[in-house]
Amino acid sequence: MIFEDIPTTPTDEELVDRAFSRATRAGRAQSGIDAQVSMLQTAGNILSDNLENVVTSWPDFDTLDPFYYELADAIVDVDAVRQSLSNVGWASNQTDAIKREYQGRLHGDVETARKLRKQAFARLADIVDDVEEDLERLGAARDELKVLPDIRPDEPTIVVAGFPNVGKSTFVNHVTNARHETASYPFTTTRIGVGHFTREHIRYQLVDTPGLLDREHEERNGIELQAESALAHAADAVLVFVDASAACGYPLDDQLALRDAVHERFDTPIATVCTKADRSRDLDADHYLSVEDDEGIEELLDAAVEMVGYEPELP
C-alpha cells in the first residue's frame, strides 16, 4: 500500500543529535581548521539530506489516485500535511545554505574558526527547531496512514454493501482469503475486509464494508462520508446484500431504502442480492444466495465479474 513504505519520521531532537554526534566524530579525525570544516560539512549535510528525505519519502499528492487522496484527507488533512512537507523542504534548503555560508568563512586562526563553527551549529539547530511541529505532524500522519486497508484502485474492485448480519462477511470470507486482510480505519471503529478471487488469471478485490455503508447517509459523520467517497472512486461494481427474511434484525423496507441510497451514491453497476435464500426468497432480486446451502455463490461471482467488465491492458 502506498503509505506503508513511508519511513518513520525523526524528531527535531533526533536529527540534531544525529548530525552533531557524527560531526564530532568527523572532527576528531582531523586537526586545526580542517577539523572545524569537517564538522560543519558533516552536520550540514546530514541535516539537509535527512530533512530532504522526509519530504521525498511521501507520495506526490498531486498525482495520487483519488481513492487514496480522499482517504488520506479524511484522516490527516492533506493540506496541513502538504504545508508541513513544504516547511521541512524549506528547512533542508536553509541548513544547506548555512553550511555553504560558513564554509567560506572558516579560515584564519583555529579559535576564530571554532567560534564560527559553533555559531553555525546554533543556527542549524534553530532551523530544525523551527520545523519541530511539522516533523511531529508528519510523524503522526505517517503512523495513521500506514494502517489503512490495502485496497488497490488499479485492480478491479467489487464492493459488498448492506446492513449488519445480512451475510456480507460470511460471503467474502467464504470466497476469498479476507480473514487475514481485515483492517480498521484509524478514524472510526469501521472495519474494512478485503479479499481476492481470481477469474481467467485476473485478480478481483472484494471489499466488505461493515460500519460504513450500513446506515443512512445522513447518519454518517464527515469523516465516514469522505471514506465512502473514496470507496466510490475504487468501486467497479457494487453488490447490495438484502436479507428478505429480516433475520438480520432490520426491516426489509429499511434494507431496500439503503439499497436505493447506494444507487444514488455509486456511479457503477449495482446488483441486489437476496442473501439467506434458504430462509426467504420474498424479494425481487438480481441474484439469490445461500452460503449455508452453497447456493448461487459461483453464479454471483461470475455475474460480478461481468458487471465489472474488466479488460486488462495488453503489452
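Computed from a predicted model, the values in this text were never measured in an experiment.

1. Points about a positive patch on the surface
Right, on to step 1. Residues Arg18, Arg22, Arg25 and Arg28 make up a contiguous surface patch of positive charge.
Right, on to step 2. Here Arg18 shows up in helix H1 (residues 12-28).
Right, on to step 3. On the accessibility criterion, Arg18 (35% relative accessible area) is partly exposed.

2. Re H1
Right, on to step 1. Between the first and last C-alpha of H1 there are 25 Å, a value that for 17 residues agrees with the 24 Å anticipated at 1.5 Å per step.
Right, on to step 2. Buried within H1 are the following residues: Asp12, Leu15, Val16, Ala19, Phe20, Ala23, Ala26 and Gly27. Projected down its long axis, H1 carries its buried residues within an arc of 120 degrees, all on one side. Along H1, the residues that are exposed and aim more than 90 degrees away from the buried face are Glu13, Asp17 and Arg28.
Right, on to step 3. Tucked inside the fold, the buried residues of H1 contact helix H2 (32-56), helix H5 (110-130) and helix H6 (132-145).

3. Regarding the pairing of strand E6 (residues 270-275)
Right, on to step 1. Summarising burial for E6: six of the six residues are buried, a large majority.
Right, on to step 2. Covered by surrounding structure in E6 are Ile270, Thr272 and Cys274 together with Ala271, Val273 and Thr275, the residues of both alternating faces.
Right, on to step 3. Examined bridge by bridge, strand E5 (residues 237-243) and E6 share six bridges and lie parallel to one another. From the neighbouring strand, Asp243 faces E6, where its bridge partner is Thr275.
Right, on to step 4. After leaving E5, the chain enters helix H9 (residues 252-265) and then returns to the sheet as E6, a path that is right-handed.
Right, on to step 5. The pairing of E6 with strand E7 (residues 287-288) spans two bridges and is parallel. Considered in E7, the bridge of Cys274 is made with Tyr288.

4. Remarks on the pairing of E5
The side chains of a regular strand alternate between the sheet's two faces.
Right, on to step 1. The buried fraction of E5 is high, at seven of seven residues.
Right, on to step 2. Along E5, one buried face is formed by Ala237, Leu239, Phe241 and Asp243 and the opposite face, lined by Val238, Val240 and Val242, is buried too.

Definitions and limits used
Every residue gets a number counted from 1 within its own chain, in the order that chain's sequence is written. Per-residue local features of the predicted model are confined to residues with pLDDT of at least 70, and side-chain atom pairs are confined, for both listing and counting, to 80 or more; whole-chain, interface and lining totals are unaffected and use all residues. With hydrogens and water excluded, all non-hydrogen atoms of the structure serve as input to the side-chain values. A residue counts toward a patch only above 30% relative accessible area and without a salt bridge, and it is joined to like-charged neighbours within 9 Å or, for Val, Leu, Ile, Met, Phe, Trp and Tyr, to nonpolar neighbours within 5 Å. Note that accessible areas follow from Shrake-Rupley with a 1.4 Å probe, and for residues the cover is restricted to the protein chains shown. Salt bridge, as used here, is a side-chain nitrogen of Lys or Arg placed within 4 Å of a carboxyl oxygen of Asp or Glu. Counting rule applied: Lys, Arg positive; Asp, Glu negative; His and chain ends not counted. Where a charge lies is defined by one atom per residue type, namely NZ (Lys), CZ (Arg), CG (Asp) and CD (Glu). Each helix is a run of DSSP H or I of at least 4 residues and each strand a run of E of at least 2, with the numbering of both proceeding from the N terminus. When accessible area is computed with a 1.4 Å probe and restricted to protein chains, residues below 20% of their type maximum are described as buried, those above 50% as exposed, and intermediate ones as partly exposed. Expected span of a helix, by definition, is 1.5 Å for each gap between consecutive residues, and there is one gap fewer than residues. As used here, the arc belongs to the directions running from the helix axis to the C-beta atoms. Contacts between residues were defined by any pair of non-hydrogen atoms, one from each residue, lying within 4.5 Å. Two strands qualify as a pair provided that DSSP identifies no fewer than 2 bridges between them. Whether a crossover is right-handed comes down to one check: with the strands pointing away from the viewer, does the path from the first strand over the helix to the second run clockwise; if it does, it is right-handed.

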